[in-house]
Amino acid sequence: MNESIPVSRTTDHGTARLMPDVDRERAWLLTVDGAPQSYVDLDDPAYLEFEYARRLGHVLDTVAETGRALDVVHLGGGALTLPRYVAATRPGSRQDVVEADRGLLELVTEQLPLPAGSGIALHAADARDWLRAAPDDLADVLIADVFGGSRVPAHLTTLAYVRTAERVLRPDGVYLANLADAAPFGFLRSQLATLAAVFEEIALVAEPAVLRGRRFGNVVVAASHRPLDKAALARRTAADAFPARVEHGAAVRRFTGPARPVEDADAVPSPEPPDGAFGIG
């Protein structure tokens, strides 16, 4: 962009706004209908401002040896923060980004263009529809960060959806999701039960205050058929400015409790965040 001035546009699913960060020369915040969605620094794509994005980045850093190229599917585009991160930290990666809001994709790529040769392919499509049509064993990592406004759409919370996602992953692939909930954690527990019905290994990453039910917040969930490097992940998340805790194994099973997997007929969106939960200060 030639000038650091805000840009607003009505897209397919809301009003998107790109606002410059006064402290970083080519960094931008994306909001949709006033809710913060993404932050990207064009000069430093490995910089992750949002806490949940850093935690997703920590998992990405630990799923394979440093620098190894990966095939990654991103459900939800935003400002393409994590695709840019993977392209910078794992050169040569092949990435597919699926975003239902075509107008948002057009705004982001027009105002915050991807570098040449990024290996990032963009698809304007519903996430679940795109997965149904995708081939088996396509990806090493699948990241679900889809929010309609501030809520995860109901059709991306079900057992049928998770089974489709698992089919698209390779046998040693990793599924990642950014979820949001608060005590008594009915939504989060149901999602853990749904993932556990398909994957052997489940880990979650969140601030202790969120897990203790003191406030609404993001929880990053990782699921796979192979053990994750939870020790390395715990070291990285504990070193953040806002440290997070990694839970796995019996702790996750206790947290999940009697929750049952979600069937399509019973699916509901994630809970509405309380006022100010994800606002801009």
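Now for a quick tour of the structure.

1. Focus: the pairing of strand β10 (residues 201-206)
Counted residue by residue, β10 has five buried out of six residues, so it is predominantly covered. The pairing of β10 with strand β11 (residues 217-224) spans five bridges and is classified as antiparallel. Looking at β11, one finds that Ala203 is bridged to Ala222. Relative to strand β12 (residues 245-248), β10 is paired through four bridges, and the arrangement is antiparallel. Across the sheet, residue Val205 finds its bridge partner in β12, namely Val246.

2. Some words on the pattern of salt bridges
Under the criterion given, the structure shown has 20 salt bridges. Via salt bridges that share partners, Asp71, Arg94, Asp96, Asp140 and Arg170 belong to a single interconnected network.

3. Topic: the sheet that holds strand β1 (residues 7-11)
Spatially, four strands are ordered β1-β2-β3-β4 in an open sheet, and the strand pairing comes out antiparallel. The open sheet terminates on both sides in strands that have one partner only, identified here as β1 and β4 (35-41). Strand-to-strand twist of the sheet, defined as the mean angle between neighbouring strand axes without regard to direction, takes the value 20°. When strand β2 (residues 14-20) meets strand β3 (residues 27-32), the two strands line up antiparallel, connected through five bridges. Opposite Met19, over in β3, you have Leu29 as the bridge partner.

4. Quick look at empty space enclosed by the protein
A full pass over the atoms with the stated rule returns three cavities of 30 Å³ or more. Looking at the largest cavity, it is lined by 13 residues, and the ones nearest its centre are Leu156, Tyr175, Ala177, Leu179 and Gln191. Going through the elements one at a time, α5 (159-168), β9 (169-181) and α6 (186-196) are the ones with two or more residues in the lining of the largest cavity. Of the residues forming the lining of the largest cavity, the biggest block, four residues, is contributed by β9. Across the lining of the largest cavity, the residue classes break down as ten nonpolar, two polar and one charged. Of the volumes computed, that of the second largest cavity is approximately 40 Å³. Class assignment for the residues of the lining of the second largest cavity results in five nonpolar, one polar and one charged.

5. Regarding the nonpolar core
Leu75, Leu142, Tyr175, Phe199 and Val221 are the most contacted members of the largest nonpolar core, which totals 40 residues. Here this core gets five residues from one element, more than from any other, and that element is α5. Setting aside chain neighbours within four positions, we find Phe199 in contact with Val162, Glu166, Leu169, Tyr175, Ala223, Ser224 and His225. Among the nonpolar cores identified, the runner-up in size contains 29 residues, and Tyr52, Ala53, Val141 and Leu228 belong to it.

Reading the values: the criteria
- Residues numbered from 1 in each chain as written.
- Predicted model: local features only at pLDDT ≥ 70, side-chain atom pairs only at ≥ 80, totals over all residues.
- Heavy atoms only, no water.
- Buried < 20%, exposed > 50% of the residue type's maximum accessible area, 1.4 Å probe, protein only.
- Helix = DSSP H or I, 4+ residues; strand = E, 2+ residues; numbered from the N terminus.
- Pairing = 2+ DSSP bridges.
- Salt bridge = Lys/Arg side-chain N within 4 Å of Asp/Glu carboxyl O.
- Axes fitted to C-alpha atoms, helices over the stretch in contact; angles between N-to-C directions.
- 1 Å grid on protein atoms, 1.4 Å probe; cavity = no way out; pocket = protein on both sides within 12 Å on 5 of 7 lines; lining within 4 Å.
- Points joined across faces, edges and corners; volume = space filled by probe spheres on them.
- Nonpolar A, V, L, I, M, F, W, Y, C, P; charged D, E, K, R; others polar.
- Core = buried A, V, L, I, M, F, W, Y, C linked by side-chain atoms within 4.5 Å.
- Contact = heavy atoms within 4.5 Å.

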